[in-house]
Amino acid sequence: MKRKLFINLIENHLNNIDELLKTIKKVGFDGVNFTWNNQNDFITLVNKIKEYGLSIDYIHAPFNNINHFWYENSAVKDSLLNDLKSCVDFCKEIKVNKMVVHPFIGFDEHNPTLTGINYFEKLLKYAKSNNILICFENVEGEEYLSFIYTHLFKKYDNARFCLDTGHELCYNKGEDQLSKYGNFLSCTHINDNVGITGSTIWWTDDLHYIPGDGILDIENLVSRLKRINYKGSLSLEIKINHTYETNIYNNYKQMSLENYYLKAFNALINIKNKLDKE
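Cut-offs applied
Residues numbered from 1 in each chain as written. Predicted model: local features only at pLDDT ≥ 70, side-chain atom pairs only at ≥ 80, totals over all residues. Heavy atoms only, no water. Helix = DSSP H or I, 4+ residues; strand = E, 2+ residues; numbered from the N terminus. Contact = heavy atoms within 4.5 Å. Core = buried A, V, L, I, M, F, W, Y, C linked by side-chain atoms within 4.5 Å. Buried < 20%, exposed > 50% of the residue type's maximum accessible area, 1.4 Å probe, protein only. Arc of directions from axis to C-beta. Pairing = 2+ DSSP bridges. Axes fitted to C-alpha atoms, helices over the stretch in contact; angles between N-to-C directions. Phe/Tyr/Trp six-rings, centres within 6.5 Å; stacked < 30°, edge-to-face > 60°. Lys NZ or Arg CZ within 6 Å of the ring centre and 35° of its normal.

Participant: Sorry, what's going on with the environment of Lys48 here?
Facilitator: Summarising the element assignment, Lys48 is placed in helix α2 (residues 42-51). Along the chain, Lys48 and Leu21 lie 27 residues apart, while their C-alpha atoms are 8.4 Å from each other. Beyond its immediate sequence surroundings of up to four residues, Lys48 is in contact with Ile17, Asp18 and Leu21.

Participant: Please explain the nonpolar core as it appears in this structure.
Facilitator: Note that soluble globular proteins tend to have their nonpolar side chains buried in a common cluster. Ranked by size, the top nonpolar core spans 84 residues in total, and within it Phe29, Phe34, Ile59, Met99, Phe120 and Phe136 carry the most contacts. Examining the composition of this core, we find that eight residues originate from one element, helix α10 (residues 257-276), more than from any other. Excluding anything up to four places from it in sequence, Phe29 contacts Leu5, Phe6, Ile7, Ile24, Leu54, Leu236, Tyr261, Ala264, Phe265 and Leu268.

Participant: How do you make sense of helix α1 (residues 17-27) when you look at a structure like this?
Facilitator: Because an α-helix completes one turn every 3.6 residues, residues spaced three or four positions apart along the sequence face the same direction. Residues of α1 that are buried include every one of Ile17, Leu20, Leu21, Thr23, Ile24 and Val27, and no others. The buried residues of α1 occupy one face: seen down the axis, they fall within an arc of 160 degrees. Facing away from the buried side of α1, by more than 90 degrees, are the exposed residues Lys22 and Lys26. The elements touched by buried residues of α1 are β1 (5-8), β2 (31-35), α2 and α10. Phi for Gly28, located one or two positions after α1, is positive at around 130 degrees.

Participant: Help me out: how do you make sense of the sheet that holds β2 in this one?
Facilitator: Across a sheet, strands are paired by hydrogen bonds formed along the backbone, either parallel or antiparallel in direction. Spatial strand order, β7-β6-β5-β4-β3-β2-β1-β8: eight strands in an open sheet with parallel pairing. Where the open sheet ends on each side, the last strands, each with one partner, are β7 (185-189) and β8 (234-236). Ignoring which end each strand starts from, the neighbouring axes of this sheet average 30 degrees apart. Of the strand pairs in this sheet, strand β4 (residues 98-101) and strand β5 (residues 133-137) are connected by four bridges, and their pairing is parallel. Bridge pairing links Met99 to Ile134 in β5. Packed onto the sheet, helix α5 (residues 142-153) meets β5 and β6 (159-164) and runs at close to 155 degrees relative to β6.

Participant: So what exactly am I meant to see when it comes to the packing of aromatic side chains here?
Facilitator: Two numbers describe a pair of aromatic rings. These are the distance of the centres and the angle of the planes. Throughout the structure, instances matching the rule amount to 24 aromatic pairs. Where Phe104 meets Tyr144, the ring centres are 3.9 Å apart and the plane angle is 5 degrees; that geometry is what we call stacked. With Phe104 in the loop between β4 and α4 (114-129) and Tyr144 in helix α5, this residue pair connects regions lying 40 residues apart in the sequence. On the accessibility criterion, Phe104 (1% relative accessible area) is buried. Taking 5.8 Å as the distance between ring centres and 85 degrees as the angle between the ring planes, the aromatic pair formed by Tyr149 and Phe184 counts as edge-to-face. Placement of Tyr149 in helix α5 and of Phe184 in the loop between α7 (178-181) and β7 is noted, with a sequence separation of 35 residues between them. Among the residues examined, Tyr149 registers a relative accessible area of 25% and is labelled partly exposed. By relative accessible area, Phe184 is classed as buried at 17%. For the cation-ring pair, Lys122 lies above Tyr119, with the distance from its terminal atom to the ring centre recorded as 4.4 Å.

Spelled out as structure tokens, the structure:
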């Protein structure tokens, strides 16, 4: 079975969706992924994606305020849960069975609670009743993912893992996340950065470069994916700019749309070819 290759829809390019999807298809990608919210008409976008012969690997759930799941006295937990349930409903409607979820957002707190487990369990139960996998992503505050893993992964067979290679380099201090959660891997966010750049870890370290433009060890990534016998799709999650300039981003901006996506595709197919090589 052919291993499919996906890329996230980059916000900077969404002003001309037809040209974007045409280019993504032309350079060789099999499909795209995007983040859902409850304000926009995504059915029109899904239909447009299908028009260009592209598929969708997963839907990324909104993650603003996800830290409130862990707070006993938060007033927004229930509305947040309803939003995530609506995202599950959307996944079911468009027949995409994977939804990526952040366990936490923020750098200053390191106190997972049973309140959070209770709310993520409600989400998993709802998703399971709709045949949707919840793919928890390694983000900042890895202890929250670890806490979810300990309490829920063996209890719910729809609790899965999404590897973000960039987060692993900076937020997780280079610690091998596949050695912990690899048996549950169902999707990827493959991207690159230059690791921790300051005295403390911060979101600006999460650059989302094309693989090969930072310090990501491609051979090591492939070796680790082979070790867990990963047979699933490969997805990029990259950006073309950031809130501050770097030479890499300046190079991206000077490229044509097609050359940028061709560079991204070549980086991903290089990983695929190494992974599929006996």
